[in-house]
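A look at the structure
Residues per chain are reported as follows:
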Amino acid sequence: MASEKPILYSYFRSSCSWRVRIALALKGISYDLVPVNLIKDGGQQFSAEFKALNPMQQVPALKIDGITLSQSLAIINYLEETHPNPRLLPQDPKKRAQVRMIADHIASGIQPLQNLNVLKQMGEKKMEWAQNCIMSGFQALEQILQSTAGRYCVGDEVSMADLCLVPQVANAERFKVDMGPYPTITRINKALLELEAFKTSHPSRQPDTPAELRA
């Protein structure tokens, strides 16, 4: 039934899943969460059951309105079009383009280079690799944000760009990246983490968060 509660397939630490959790929280959409442990049993995303749901074998996946969607930005765009308030894409075409640019910069230009599948291939060099990928991306992002940011990534309204920023900063901190050279990123991240939607969706507050990592 199209009216059934949405089901989000998520992993607590997945930055892509976190983006979608923030969007669902901001838009006040109630959902059921099904944890998919990317580490346990060699990775539960590789099960035949999950592959049937998402052939890319990645989280997040969202069952909603009778369809199943994968890819976090595609999911967020669908939520934006079906639940337009609060708005995550500005009405102004230039600002909307800037939001999409920043979101793509993170979702295509930084995160995929340091995700789990890539790091597995890097062996002992995975920490150094992840740091270099994030620092290179953040150097460019800091420069971009200096011309687009207000309180948040683009002006003073929370947007899809912010949904990508916060999880990526969390990744940077996990890989021990020095955030000193990125004061604009740091300031925006701090402001966003004060918002309730970013708190409730945080990896430390998920049903599948290990006890030692809980807030």
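The coordinates are above.
Below: a short report on this structure. (Residues numbered from 1 in each chain as written. Predicted model: local features only at pLDDT ≥ 70, side-chain atom pairs only at ≥ 80, totals over all residues. Heavy atoms only, no water.)

**Let's talk about the overall build of the protein**
A count of helices and strands for the protein gives 9 helices and 4 strands. Starting at the N terminus and walking to the C terminus, you meet the elements of the protein as β-α-β-α-β-β-α-α-α-α-α-α-α. Relative to the globule expectation of 17 Å for 215 residues, the C-alpha radius of gyration of the protein, 17 Å, shows essentially globular dimensions. Counting all 215 residues of the protein, 45% fall into the buried class. When contacts within the protein are restricted to residue pairs at least 6 apart in sequence, those whose partners lie at least 24 apart make up 66%. Of the accessible surface of the protein, which amounts to about 10900 Å², a share of 52% is contributed by carbon and sulfur atoms. Positive and negative charge centroids in the protein, built from 24 and 21 side chains respectively, lie 1 Å apart. (Helix = DSSP H or I, 4+ residues; strand = E, 2+ residues; numbered from the N terminus. Rg over C-alpha atoms; globule rule 2.2 N^0.38 Å. Buried < 20%, exposed > 50% of the residue type's maximum accessible area, 1.4 Å probe, protein only. Contact = heavy atoms within 4.5 Å. Areas by Shrake-Rupley, 256 points an atom, 1.4 Å probe, with all protein chains shown as cover. Lys, Arg positive; Asp, Glu negative; His and termini not counted. Charge placed at Lys NZ, Arg CZ, Asp CG, Glu CD.)

**So, the nonpolar core**
Ranked by internal contacts, the top residues of the largest apolar core, which has 49 residues, are Phe-138, Leu-165 and Ile-185. Mapped onto this core, the elements with two or more residues apiece are helix H1 (15-26), strand E3 (61-64), helix H3 (72-82), helix H4 (93-109), helix H6 (126-148), helix H7 (160-174) and helix H8 (183-192). When residues in this core are grouped by element, the largest group, 8 residues, is from H7. If sequence neighbours within four positions are ignored, Phe-138 has contacts with Ile-110, Gln-168, Val-169, Ala-172, Met-179, Tyr-182 and Ile-185. Formed by 9 residues, the second largest nonpolar core is a distinct cluster that contains Val-36, Leu-53, Val-59 and Ala-61. (Core = buried A, V, L, I, M, F, W, Y, C linked by side-chain atoms within 4.5 Å.)

**Describing the state of the cysteines**
Each disulfide consists of one covalent bond between the sulfur atoms belonging to two cysteines. Under the counting rule described, the total for this entry stands at 0 disulfides. In this structure Cys-133 is a free cysteine whose sulfur lies 15 Å from that of Cys-16, the closest cysteine sulfur available. Judged by relative accessible area, which is 11%, Cys-133 ranks as buried. We note that Cys-164 lacks a disulfide partner, and the nearest cysteine sulfur, in Cys-16, lies 8.4 Å from it. (Disulfide = S-S within 2.5 Å.)

**Considering the packing of aromatic side chains**
Describing an aromatic ring pair means giving the distance of the ring centres and the angle of the ring planes. Inspection of every chain in the model, using the stated rule, returns 3 aromatic pairs. With centroids separated by 4.9 Å and ring planes inclined at 65°, the aromatic side chains of Tyr-11 and Phe-12 adopt a geometry described as edge-to-face. Phe-12 carries the same exposure label as Tyr-11, and that label is buried. Geometry around Phe-175 places Arg-174 over its ring, the cationic atom sitting 5.1 Å from the centre. (Phe/Tyr/Trp six-rings, centres within 6.5 Å; stacked < 30°, edge-to-face > 60°. Lys NZ or Arg CZ within 6 Å of the ring centre and 35° of its normal.)

**Considerations on the pattern of salt bridges**
All told, the structure shown has 3 salt bridges when counted by the stated rule. A salt bridge links Asp-32 to Lys-5; the nearest nitrogen and oxygen atoms lie 3.5 Å apart. Here the residue Asp-32 occupies a position in strand E2 (residues 32-35), and Lys-5 occupies one in the segment before strand E1 (7-10), the gap between them amounting to 27 residues. In this structure, Glu-194 engages Arg-151 in a salt bridge whose closest nitrogen and oxygen atoms are separated by 3.6 Å. Here the residue Glu-194 occupies a position in the loop between H8 and helix H9 (196-200), and Arg-151 occupies one in the loop between H6 and H7, the gap between them amounting to 43 residues. (Salt bridge = Lys/Arg side-chain N within 4 Å of Asp/Glu carboxyl O.)

**What to know about the sheet that holds E2**
As summarised here, the arrangement of the 4 strands in space is E2-E1-E3-E4, forming an open sheet in which the pairing is mixed. Every other strand in the sheet has two partners, leaving E2 and strand E4 (67-70) as the edge strands with one partner each. Each adjacent strand pair in this sheet contributes to an overall mean axis angle of 20°, direction not counted. In this sheet, E3 lies alongside E1 in antiparallel orientation, the contact comprising 3 bridges. Along E3, the bridge assignment pairs Tyr-9 with Ala-61. The strands that H1 touches are E1 and E2; relative to E1, the one it contacts most, it runs at about 150°. (Pairing = 2+ DSSP bridges. Axes fitted to C-alpha atoms, helices over the stretch in contact; angles between N-to-C directions.)

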